[in-house]
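What follows is each chain in one-letter form.
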4 protein chains.
Amino acid sequence: MALRNKAAQKWCKKMIRNENLIYYSLKDAVYKIHGRTDETQPAVPLFWNAGSIEVNVTGTELWIDIEVDFDLYEPWVGCDIDGALISRQMLHAGRYQLCLFRHMNESTTKNVRFFRETQAMSSDSGHHLLIHGFSSDGVFLPVPDKKYRLEFIGDSITSGEGTYGARQEMDWVPMFMSASRNYASMISDALNADYRLLSQGGWGVLCSWDNNPHNTLPSCYEKICGLLSGETNEKLGAQKAYNFHSYIPDAVIINLGTNDAGAFNEPAWHDPVTGDSFKQHRNPDGTYCPADLIRFQKAVYDFLALVRKNNPNSFIVWAYGMAGYDLALPIAEAVSSYRKQTKDLKASFLQLPAATYETSGSRNHPGVRSHEQSAKILIDYLKVLLEA
Amino acid sequence: MALRNKAAQKWCKKMIRNENLIYYSLKDAVYKIHGRTDETQPAVPLFWNAGSIEVNVTGTELWIDIEVDFDLYEPWVGCDIDGALISRQMLHAGRYQLCLFRHMNESTTKNVRFFRETQAMSSDSGHHLLIHGFSSDGVFLPVPDKKYRLEFIGDSITSGEGTYGARQEMDWVPMFMSASRNYASMISDALNADYRLLSQGGWGVLCSWDNNPHNTLPSCYEKICGLLSGETNEKLGAQKAYNFHSYIPDAVIINLGTNDAGAFNEPAWHDPVTGDSFKQHRNPDGTYCPADLIRFQKAVYDFLALVRKNNPNSFIVWAYGMAGYDLALPIAEAVSSYRKQTKDLKASFLQLPAATYETSGSRNHPGVRSHEQSAKILIDYLKVLLEA
Amino acid sequence: MALRNKAAQKWCKKMIRNENLIYYSLKDAVYKIHGRTDETQPAVPLFWNAGSIEVNVTGTELWIDIEVDFDLYEPWVGCDIDGALISRQMLHAGRYQLCLFRHMNESTTKNVRFFRETQAMSSDSGHHLLIHGFSSDGVFLPVPDKKYRLEFIGDSITSGEGTYGARQEMDWVPMFMSASRNYASMISDALNADYRLLSQGGWGVLCSWDNNPHNTLPSCYEKICGLLSGETNEKLGAQKAYNFHSYIPDAVIINLGTNDAGAFNEPAWHDPVTGDSFKQHRNPDGTYCPADLIRFQKAVYDFLALVRKNNPNSFIVWAYGMAGYDLALPIAEAVSSYRKQTKDLKASFLQLPAATYETSGSRNHPGVRSHEQSAKILIDYLKVLLEA
Amino acid sequence: MALRNKAAQKWCKKMIRNENLIYYSLKDAVYKIHGRTDETQPAVPLFWNAGSIEVNVTGTELWIDIEVDFDLYEPWVGCDIDGALISRQMLHAGRYQLCLFRHMNESTTKNVRFFRETQAMSSDSGHHLLIHGFSSDGVFLPVPDKKYRLEFIGDSITSGEGTYGARQEMDWVPMFMSASRNYASMISDALNADYRLLSQGGWGVLCSWDNNPHNTLPSCYEKICGLLSGETNEKLGAQKAYNFHSYIPDAVIINLGTNDAGAFNEPAWHDPVTGDSFKQHRNPDGTYCPADLIRFQKAVYDFLALVRKNNPNSFIVWAYGMAGYDLALPIAEAVSSYRKQTKDLKASFLQLPAATYETSGSRNHPGVRSHEQSAKILIDYLKVLLEA
């Protein structure tokens, strides 16, 4: 790694040196991690979209010491200062320090949140973003918890795909995904909530958009970041069991089903190793084959049960519709069936409005205006639940 | 400079190499520079806020080769792809390549605009941002001119001060300025116009906020970037006469007067070398001293004449008010007087609404909502002029 | 009736007389009726909310000859000219002419729509509003059909209850209902559609808010205005079978269920005559009794079948949620069940966002902002269906 | 007058009689008049646009006893209940009672404001609207003053011309004017202010749109409603001197100059009796003749002095621009000259944004969106003045 372990100031040769910068490894700093991760790691990985590290720090200057690598898809990050988005950028590979602010009033406390704008990358086992520490001339102060805790589980919509980029863009690249213009962040801001987010573009409840039954959020829900493969990710703790006691959400919002709907239109998936295949079918008249619909509904039911098992007191809201209504009724039925059979009245269904031409962003995905429209509905919905 | 001349790919050691990247110095690339600069330089400096380089390029990947330095205030940059803001970030010092996009469809043409988010830095002679070239596996295509050409001249408002950052921020740092959330860019987008922008926080028409009579936009209007000092900036061409034939604006928008108003409330400025001093005075009853007001109005008149001399056919709009109305009437009188005496009917005055608590941003400056409100009024105003 | 049969001009004694006014009974005029009615009546009744008469007329002046009576609840009316709302007023009892416009350019054609702002009044058998004719000095021209035809079926939401009046108003009076600020009119305007509307505050699918099983929209769907009682309404044709061939809607939007949900919280209804009673029950744990839920769902299913029988090719959208989500899942299940068993894929379910404090109007009902929010979602939804 | 003195209930023969209605002449009722009028009249005339009577009343029902006549232009009225617009309608000639509400909870207090939607009609001496009294079964309670008092002086913009009606409407009829969608009412609502309004379409400061030097607001500023002629209006007190002590505005907003600008484009006015003529001229090059501009500016100056003489402590804001900026600079100069020569710093100038195609209403006039845009700017502007 070319840039490993350089002192922050080395970057600015002619700059008037800030001789007061002190390096803090994570064990010496005070910070708060958002998003599932393995906090026992010496350098904490940010696995998921919106995964972030938050500090309250005085001083004139703050650098973050990160380590980045990838084979295919580079991570993007954003930085909020005092709750306002200040920067958003692509990260190059290497280990280096990034300056998050400088030249500020040394006595004021700055709230800084450095966050992933990129989903966990199941298709790039070389991809990771680690936080090693900070350099600052200030003092780190505790980061208090917000009023509520939320968890979002979703697909490309929840990965913010389409929230950046011009309408005509069709490339599947990290640049067009985000946490910063995402309904999940809008909701969390409005409700004064911390949040964790699990998402993967193309994945579903029963299977992925291309009928792969392994590519589902339920399959990785009980691990820290179970969809990541490879030796490095394993070492980083991605495959460890997630400790549900570490973060007890007031509400879990599941936004899944869009890719399960797409699977009915795609050819069968074939496992190149085992030869197994999988396919959701339509009848000749275009309707969904009942057996396939039933196994989808069972997957919805089972996922609700799985989320409930791990979150005994949380509201669970299945929110669906931003990219089309195809499976709205089957999901609603499954949620209703789950409620009836389990008497679990804290699970519910909420339909969201489908993005239109005007509210779409890049890659034919819901754009920022669609995220705002759905966020508004979910904010109002969650307020009723949380403030009851 | 620590990072000079590294090949783009060196940053990404483990990355699957893109062996097809070719380095283009500016003389080999096809591009368009926005903003006053010296295009005869081997590496083109971006001096002013919104100064930018724009390319139309095919290929999967594009890097920009830049050189950055500063003593006090680092430059920030933004990047639009196909007209949509994609990134915004602080630049470290050094010479290095930044990746602007990668992994895209090689056959589509991407319009890329890499621009300063930071004003020209009169108070940091070590500050510069140079463009050396690009690396790409694509082909550079011509960048057509837009329908109109605009020029904006202003102070901190036009430097976008306050358009980023939380309301409570009070530090004077580049991070809170921008071109991306600036009324000038909003207007140019809406009118399909190229634009150039000259601005300097704290400066005015007759004097600066602190009564310094040298810190005025008129004093540097005829040079490329006359407010920059130091040997390096001199070498970069900042002090060269500006060639007004190189860019003939359809309209020049002057947003000045806010700091001239402030000067009436500040102590006198003293020249540490010559011992000269300068001060705009108030009468005991709080009104402006007539003589001081008259010299301010003369400065407005003279600046209109100067702009007209160099732009014989442009509309000139003095737009004022976003940060308070104090000098609205004196400016209106001066514009009226100029029109009458010169019979120059293409000069006019437009009052803009003052930012309120709700529309203010950081540093008690007009925020993005104030910029939007004023942009709307100026867009409508300019449409009438330009489409007549 | 005190004011019967006065000539329009008699109202304006000193006024410069318009000697050119000619009286047109309906048989002599050219007009279009919107809303279910009995067009064989000599004076056409406007039974339902949004029921209206539309003309295209030249001339300087237009009066409408109406007959109004009521025992308890007076009708309110609105008038659009060229598509813009011009007036909204309470009607006094009597027969008289109302001036809709005067003093206009005689040669231009004015499109005039005179419409009820008040729902059909099931609780006031003395209530009616009849159109006898017009007085004008112009010529009546044909009124073309709009691009689409819609039918809306609903309760107080569709009666526009809450769309006028201050938030604190709690009186159940016609003044606070409307067609003019109603999601149904917003949708029809946006889609360029004619529309008919059937609505009754407090009524439901299986029973009313107070458990009366007779007060349901399905029970009167096949009559012109089957919820009206009394001899006068009978003579006016309210109880006649509705001719579904007279108006073939492209889509039927059903917004019902809100009162069925309320019934679970109210005491049993008792028939004072037969001694019968009816009640939807909750279990001790607060959930809905399964048997009662099932009969509600059967009512939803049966109503879909009834609407389908009479509208073989229309889209049917059950849109629900503006006043709370309580029965969203049971309705969704019933719609899904209906679709599966009948293979009727043109029936669907759409959840609408519940009104919040900010979007509520008078009488704790969805206000104009809630109607706008839901109209936007339904407009986008219907566009996809209708333009497919 | 055909309908004089009928009891309210006579209108509703079959209606269940409200036997509790009691008639209150104005001397027996408690009420508040808004707008200049002669309160010594037995029946109080509402002369000006937005002229209104406001009551706080309990009871189930309220009727207003009015007397209306006109030769050419009928009055329109609106009614707010508890601050929300409930009705808007054309008035027929005659004396009669109009029901403002009925069937409401008898114990709650309703705030009711019955107001003109029509400007004073200088061109129809037969036009008047008088308030005789009320019928109610409730009790009249005092109407408290609002926090501020405003006075608006203007032309057709302030008459609300264009705020109702479709864009294509070009007829000059009362129907398209309003107080209800007027910037003056929006401002007064937002600032919690009572307001009085003087306006006349086509009139100006020096002369009217057609160069008539008698048709100016200054000429009638010191009378109750000096622009009304005829014996009836004289008897009603229109020509009496206005008592400026009766209402001391915190701010006077003058929105005049639009018609003075138009006069430069119109032929001379000739007095048919005296043979005098008047004309504002342009030079051959299209600019305004200096002498004519100077007399316009003198008229602005003199009107400021006149308003100040009668309102010694009020802020005076000359707000101009909603229908074009032609005289913005001359007005600004005149205001500035007035401030300098009188040292009257409570007089100021505010430019408003010109209506565009999108924000225009009927009759090529600023529409409701333009009124909203300018109201926002004036609200913010006045807040700074009033809350200082």
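Parameters and conventions
- Sequence order sets the numbering: in each chain, residues are counted from 1 along the sequence as written.
- Chains and ligands are labelled by the order in which they are written, letters from A for the one and numbers from 1 for the other.
- In keeping with the predicted nature of the model, local features appear solely for residues at pLDDT of at least 70, side-chain atom pairs appear and are counted solely at 80 or more, and the whole-chain, interface and lining totals rest on all residues.
- Buried Ala, Val, Leu, Ile, Met, Phe, Trp, Tyr and Cys residues whose C-beta atoms connect them within 7 Å together make up a nonpolar core.
- Buried, partly exposed and exposed are defined by the number of other C-beta atoms within 10 Å of a residue's own C-beta, namely 20 or more, between the two limits, and 12 or fewer respectively, with C-beta atoms placed from the backbone.
- Contacts here follow a simple rule: the backbone-placed C-beta atoms of the two residues must lie within 7 Å.
- Going along the chain from the N terminus, every DSSP run of H or I of four or more residues is numbered as a helix, and every run of E of two or more is numbered as a strand.
- One less than the residue count of a helix, multiplied by 1.5 Å, gives the span that helix is expected to have.
- Think of the arc as the fan of directions from the helix axis to the C-beta atoms.
- Here, any two strands with at least 2 DSSP bridges between them count as paired.
- Simply put, an axis is a line fit to the C-alpha atoms, just over the touching stretch for a helix, and the angle between two N-to-C directions goes from 0 to 180 degrees.
- Roughly parallel refers to an angle under 35 degrees, roughly antiparallel to one over 145, roughly perpendicular to one between 65 and 115, and oblique to any angle outside these ranges.
- Crossing handedness is defined as follows: a turn of the near helix away from the far one that is anticlockwise and smaller than a right angle gives a left-handed crossing, while the clockwise case is right-handed.
- Residue polarity follows a fixed list, in which Ala, Val, Leu, Ile, Met, Phe, Trp, Tyr, Cys and Pro are nonpolar, Asp, Glu, Lys and Arg are charged, and the others, Gly among them, are polar.
- As used throughout, domain bounds are those supplied by an automatic or database domain assignment.

A.B. asks: Got a minute to help me understand the nonpolar core in this structure?
C.D. replies: Taken as a class, soluble globular proteins show a tendency for nonpolar side chains to be buried jointly. Ranked by size, the top nonpolar core spans 467 residues in total, and within it V335 of chain A, V335 of chain B, V335 of chain C together with V335 of chain D carry the most contacts. Excluding residues that lie within four positions of it along the chain, V335 of chain D makes contacts with L329 of chain B together with V300, L304, W318, A347, S348 and F349 of chain D.

A.B. asks: Help me understand helix 4 (residues 290-310) of chain B in this model?
C.D. replies: Residue pairs three or four apart in sequence face the same way in an α-helix, which turns once every 3.6 residues. Residues and elements named next belong to chain B. When the terminal C-alpha atoms of helix 4 are compared, their 30 Å separation across 21 residues agrees well with the 30 Å that a helix rising 1.5 Å per residue should span. Within helix 4, the full set of buried residues consists of L293, F296, Q297, A299, V300, F303, L304 and V307. Along the axis of helix 4, the buried residues cluster in a sector spanning 145°; they form a single face. Set apart from the buried face of helix 4 by more than 90 degrees, the exposed residues are P290, A291 and K309. Lining the buried residues of helix 4 we find strand 14 (251-255), helix 3 (258-263), strand 17 (315-320), helix 5 (328-342) and strand 18 (347-351).

A.B. asks: Can you walk me through the sheet that holds strand 12 (residues 148-154) of chain C in this structure?
C.D. replies: The strands that make up a sheet pair up through hydrogen bonds in the backbone, lying either parallel or antiparallel. All names here are of chain C. In space, the 5 strands of this open sheet follow the order 13-12-14-17-18, with parallel pairing throughout. Every other strand in the sheet has two partners, leaving strand 13 (193-199) and strand 18 (347-351) as the edge strands with one partner each. Each neighbouring strand pair of the sheet contributes to a mean axis angle of 20°, computed without reference to strand direction. Pairing geometry for strand 14 (residues 251-255) and strand 17 (residues 315-320), over 4 bridges, is parallel. Residue pairing for strand 17: V252 is matched across the bridge by I316. Set on the sheet, helix 4 (residues 290-310) makes contact with strand 14, strand 17 and strand 18; between it and strand 17 the angle comes to about 145°.

A.B. asks: Explain the sheet that holds strand 12 (residues 148-154) of chain B to me, please; I cannot follow it from the model alone.
C.D. replies: Residues and elements named next belong to chain B. Spatial strand order, 13-12-14-17-18: 5 strands in an open sheet with parallel pairing. The sheet is open, and its two edges are formed by strand 13 (193-199) and strand 18, each paired on a single side. Each neighbouring strand pair of the sheet contributes to a mean axis angle of 20°, computed without reference to strand direction. Taken together, the 5 bridges between strand 17 and strand 18 define a ladder with parallel strand orientation. Residue pairing for strand 18: Y320 is matched across the bridge by Q351. Along the sheet, helix 4 contacts strand 14, strand 17 and strand 18; its crossing angle with strand 17, the most-contacted strand, is approximately 145°.

A.B. asks: Looking at this model, I keep getting lost on the packing of helix 4 (residues 290-310) of chain A against helix 5 (residues 328-342) of chain A. Mind explaining?
C.D. replies: Two measures define how a pair of helices packs: the angle their axes make with one another and the distance between the axes. All names here are of chain A. Two elements in contact, helix 4 and helix 5, have axes separated by 9 Å at closest approach and are oriented at 50°. Viewed along their axes, helix 4 and helix 5 adopt a mutual orientation that is oblique. Judged by the sense of rotation from one axis to the other, the crossing of helix 4 with helix 5 is right-handed. Contacts between helix 4 and helix 5 pair L293, F296, Q297, V300, Y301 and L304 from the former with P330, I331, E333, A334, V335, S337 and Y338 from the latter. Considered class by class, the residues forming the contact of helix 4 with helix 5 number 10 nonpolar, 2 polar and 1 charged.

A.B. asks: Hey, could you run me through the arrangement of the chains in this one?
C.D. replies: When C-alpha atoms are compared, chain B and chain C, though not in contact, are closest at a spacing of 19 Å. Nothing in chain A touches chain D; the tightest C-alpha to C-alpha distance between them is still 19 Å.

A.B. asks: How do you make sense of the domain arrangement of chain A when you look at a structure like this?
C.D. replies: Often, the extent of an interface is quoted as the loss of accessible area on bringing the components together. Residue and element names in this part refer to chain A. Here the domain parsing of chain A yields domain 1 (8-141) and domain 2 (148-386). Those elements that provide at least two residues to the side of domain 1 that touches domain 2 are strand 6 (76-81), strand 7 (84-90) and strand 9 (110-116). The dominant element in the side of domain 1 that touches domain 2, judged by the number of residues it contributes, is strand 7, at 3 residues. In terms of residue class, the side of domain 1 that touches domain 2 is made up of 11 nonpolar, 11 polar and 6 charged.

A.B. asks: What exactly am I supposed to notice about unusual backbone geometry here?
C.D. replies: Excluding glycine, residues mostly have negative phi values, and the peptide bonds linking residues are mostly trans. Residue and element names in this part refer to chain B. The phi dihedral of A50 is positive, around 70°, even though this residue is not glycine. Note that A50 resides in the loop between strand 3 (44-45) and strand 4 (52-57). Of the residues examined, A50 has 30 C-beta atoms within 10 Å and is grouped as buried. In this structure, H103 takes a positive phi of about 70° despite not being glycine. By the C-beta count within 10 Å, which is 17 here, H103 ends up partly exposed.

A.B. asks: What should I look at first to understand the environment of H132 of chain D in this one?
C.D. replies: All names here are of chain D. Residue placement: H132 occurs in strand 10 (residues 128-136). A C-alpha to C-alpha distance of 8.7 Å links H132 and Y24, two positions 108 residues apart in sequence. The contacts of H132, once residues within four sequence positions are left out, are S25, L26, A43, D65, I66 and E67.

A.B. asks: How do you make sense of the pairing of strand 5 (residues 62-69) of chain B when you look at a structure like this?
C.D. replies: For a regular strand, side-chain orientation follows a simple rule: the groups alternate between the two sheet faces. Residue and element names in this part refer to chain B. Of all 8 residues in strand 5, 8 are buried, a share of seventy percent or more. Neither face of strand 5 is left uncovered, since the one carrying L62, I64, I66 and V68 and the one carrying W63, D65, E67 and D69 both have all their residues buried. In terms of strand pairing, strand 5 meets strand 10 (residues 128-136) through 8 bridges, oriented antiparallel. When the sheet's bridge partners are listed, D69 is paired in strand 10 with H128.

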